[in-house]
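# Coordinate analysis (summary)
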Amino acid sequence: AAAQPYGRSMSPPSRVSSCSPPPVFPLMGNAPSSPPTIVLSPCAACKVLRRRCADGCMLAPYFPPTEPAKFTTAHRVFGASNIIKLLQDLPESSRADAVSSMVYEAEARLRDPVYGCAGAVCRLQKEANELKVDLARAQADLLSIQTQHANLLALVCVEFAANHRGDQQLHQPPPLGDQLNGIGGSGGGAMYQPLYDSDFDSGAWEEARQLWT
């Protein structure tokens, strides 16, 4: 047997190991709710440029990660450095309009590499001039139709007034002087022709005519 060191007693190893108390798991209903993890996605500009998107990124408000084609189009025509330089020279209130203008001009330049945005402006001006000519022609046609309608209405009013005046003259008896004067004329002779043929001879009729006149 091995000699034991002087002054020290060796006890046999204990077979009972000290174990820590089991962990206590809280109930699911009483567990404190941890805040949701927010994953910040880089803006479209930083994603295309393959760089880290900082908190104060100047391009993030105007090129969100949900619209990657917006920055890609502007980057192909103007370049990232020119876009950043232009936005730095403008006040913050005008940057959104500047980005919209750059994206529109870049899209026009990609569609028409020769004229770009100027070609679209010329085409729209031509369409506006054609619409102005059509509007002037339509206004002239409307004025002509209104004039024809007014003339037709005037003719109808004149015809109606003439017919109304003729009806009044037919229903109104002629004056007594016209009736007496008409006896000696052809109308009066025709009116009283049966009476003249039956009851009067020519001498009596002449005396009666002279008496009436």
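One can find the structure itself at the top, above this paragraph.
Residues numbered from 1 in each chain as written. Predicted model: local features only at pLDDT ≥ 70, side-chain atom pairs only at ≥ 80, totals over all residues. Heavy atoms only, no water.

## A word on the overall build of the chain
A tally of regular secondary structure across the chain gives 9 helices and 0 strands. If you list the helices and strands of the chain from N to C, you get α-α-α-α-α-α-α-α-α. When burial is assessed residue by residue, the chain has 13% of its 213 residues classed as buried. For the chain, long-range pairs separated by at least 24 residues make up 43% of all intrachain contacts whose partners lie at least 6 apart in sequence. (Helix = DSSP H or I, 4+ residues; strand = E, 2+ residues; numbered from the N terminus. Buried < 20%, exposed > 50% of the residue type's maximum accessible area, 1.4 Å probe, protein only. Contact = heavy atoms within 4.5 Å.)

## Considering the packing of aromatic side chains
The final tally for this structure, using the stated rule, is 1 aromatic pair. When the ring of F63 is compared with that of F71, the centres are 5.1 Å apart and the planes differ by 80°; the resulting orientation is edge-to-face. (Phe/Tyr/Trp six-rings, centres within 6.5 Å; stacked < 30°, edge-to-face > 60°.)

## Observations concerning unusual backbone geometry
Residues apart from glycine generally show negative phi values, whereas peptide bonds are mostly found in trans. With phi around 60°, R50 is a residue other than glycine that occupies positive phi space. Exposure remark for R50: the relative accessible area of 79% places this residue in the exposed category.

Remember, this is a structural readout, not a statement about activity or role.
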